[in-house]
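Spelled out, the chains give:
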Amino acid sequence: MNLAGLWLTRSLSMCLLLQSFVLMILCFHSASMCPKGCTCSHSGGLNVSCSNANLKEIPKDLPPDTTLLSLDSNRITSIPDGIFKDLHQLRELNLSKNIIESVGEHAFKGLEETLQALDLSYNKITTVHKNAFASLKAKAHIGNNPWHCDCTLQQVLKNMVYNHESASRVICKTSELHDHAGRPFLKADADLCNLTKRTTDYAMLVTMFGWFTMVISYVVYYVRQNQEDARRHLEYLKSLPSKQKKPDETDDISTVV
């Protein structure tokens, strides 16, 4: 083997060794950053699986290069604001089968452009802020939650411009319309926001009428009370004896005549 061939062979071996060393470092680095109770693997990106890990909250030490995050089948109760703000490569997020009740208005901040799939099904969510999903382009699954169908939920679904099909999976556990509980949200023909406004206006009208009635009643009572006092005072004056003339005054008059 000539000198050039030997040098090429050694260079190729060194490159392969260096590549293996770099990959080993990357794998060790990713493994060392993997949250407790979770497993991390590389498959088209960093996949972090925390399923069935008995977690009560979302880990705060998630690797920033996470592309797929599975947090399903845990005991997570809430999604705080900004909890995913550093996961700029996250494409899929699975939070199904937890006991989530609270979702922050800015819970998905930082995921607006990258997130493609969001699963929040089978939780305990009844209501969220009207802008909670507004900026997301992800396909969201929010069915199988005990939703309270009101104006807020109507605004939530309206703001989910990339998720028109989500409304068809929303079943009203409770509703502003008493006969609508247990039915799909899309079956509600009424505009729940206008319904709320009409209810508020009616309550204000009833309140104003009540105050007006109280004022009129007080005025009538005041007038009648004064009339009664005046009548009693007049009767008292009439009951007083008339003032009789004194004898001196009569004699003086006779003398003058």
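These numbers were taken from a predicted model, which means no experiment stands behind them.

Reading across from one edge, β1-β2-β3-β5-β7-β8 is the order of the six strands in this open sheet, with mixed pairing throughout. Unpaired on one side and paired on the other, β1 (39-42) and β8 (139-141) mark the two borders of the sheet. Strand-to-strand twist of the sheet, defined as the mean angle between neighbouring strand axes without regard to direction, takes the value 15°. Inspection of the sheet shows strand β7 (residues 117-119) paired to β8 by three bridges, in the parallel sense. Bridge assignment links Asp 119 to a residue of β8, and that residue is His 141.

The next thing to look at is the packing of aromatic side chains. In total, this model carries two aromatic pairs according to the counting rule given. Ring pairing ties together the aromatic residues Phe 84, Phe 108 and Phe 133, which thus form one cluster.

This part is about the UniProt feature "domain: LRRNT" (unreviewed entry) in the protein. Feature annotation in UniProt places "domain: LRRNT" (unreviewed entry) on residues 33-68, given in this structure's numbering. A distance of 15 Å separates the end C-alpha atoms of residues 33-68, which is 3% helix and 31% strand.

The next thing to look at is the state of the cysteines. Per the counting criterion, the structure on display carries four disulfides. Residue pairing for Cys 34: its cysteine sulfur links by disulfide to Cys 40, the two sulfurs lying 2.1 Å apart. Sign of the S-S torsion, about 95° for the bond between Cys 34 and Cys 40, identifies this disulfide as right-handed. The buried category is assigned to Cys 34, whose relative accessible area is 16%. Two residues share a disulfide in this structure: Cys 151 and Cys 193, whose sulfurs sit 2.1 Å from each other. Judged by the torsion about the S-S bond (90°), the Cys 151/Cys 193 disulfide is right-handed.

Turning to the pattern of salt bridges, a few remarks are in order. All chains considered together, the criterion is met by three salt bridges. Salt-bridge contacts for Glu 57 lead to Lys 60; the nearest nitrogen and oxygen are separated by 3.6 Å. On the accessibility criterion, Lys 60 (67% relative accessible area) is exposed. Close ionic contact of Lys 85 with Asp 86 constitutes a salt bridge, the shortest N to O distance being 3.6 Å. Note on Lys 85: relative accessible area 43%, which makes it partly exposed. A relative accessible area of 47% places Asp 86 in the partly exposed class.

All buried positions along helix α2 (residues 151-159) are accounted for by Cys 151, Leu 153, Val 156 and Leu 157. Regarding α2, its N-cap is Asp 150, as a side-chain oxygen of that residue lies 3.3 Å from the backbone nitrogen of Thr 152 further along.

It is worth spelling out the side chain of Ser 121 at this point. Within the secondary structure, Ser 121 sits in the loop between β7 and β8. Residue Ser 121 is classed as buried on the basis of its relative accessible area of 9%. With residues up to four places along the chain from it excluded, the contact list for Ser 121 reads Ser 96, Lys 97, His 141, Gly 143, Asn 144 and Asn 145.

Another point: the environment of Thr 67. Here Thr 67 lies in strand β3 (residues 66-70). For Thr 67 and Glu 92, which are 25 residues apart along the polypeptide, the C-alpha to C-alpha distance reads 6.7 Å. Contacts of Thr 67, omitting those with residues within four sequence positions, involve Gly 44, Gly 45, Leu 46, Asn 47, Gln 89, Leu 90, Arg 91 and Glu 92.

Conventions used here
Residues numbered from 1 in each chain as written. Predicted model: local features only at pLDDT ≥ 70, side-chain atom pairs only at ≥ 80, totals over all residues. Heavy atoms only, no water. Pairing = 2+ DSSP bridges. Helix = DSSP H or I, 4+ residues; strand = E, 2+ residues; numbered from the N terminus. Axes fitted to C-alpha atoms, helices over the stretch in contact; angles between N-to-C directions. Phe/Tyr/Trp six-rings, centres within 6.5 Å; stacked < 30°, edge-to-face > 60°. UniProt positions renumbered as here; feature names shortened; annotations may be inferred. Disulfide = S-S within 2.5 Å. Buried < 20%, exposed > 50% of the residue type's maximum accessible area, 1.4 Å probe, protein only. Salt bridge = Lys/Arg side-chain N within 4 Å of Asp/Glu carboxyl O. Polar contact = N/O pair within 3.5 Å; in protein donor to acceptor, adjacent residues only side chain to side chain. Contact = heavy atoms within 4.5 Å.

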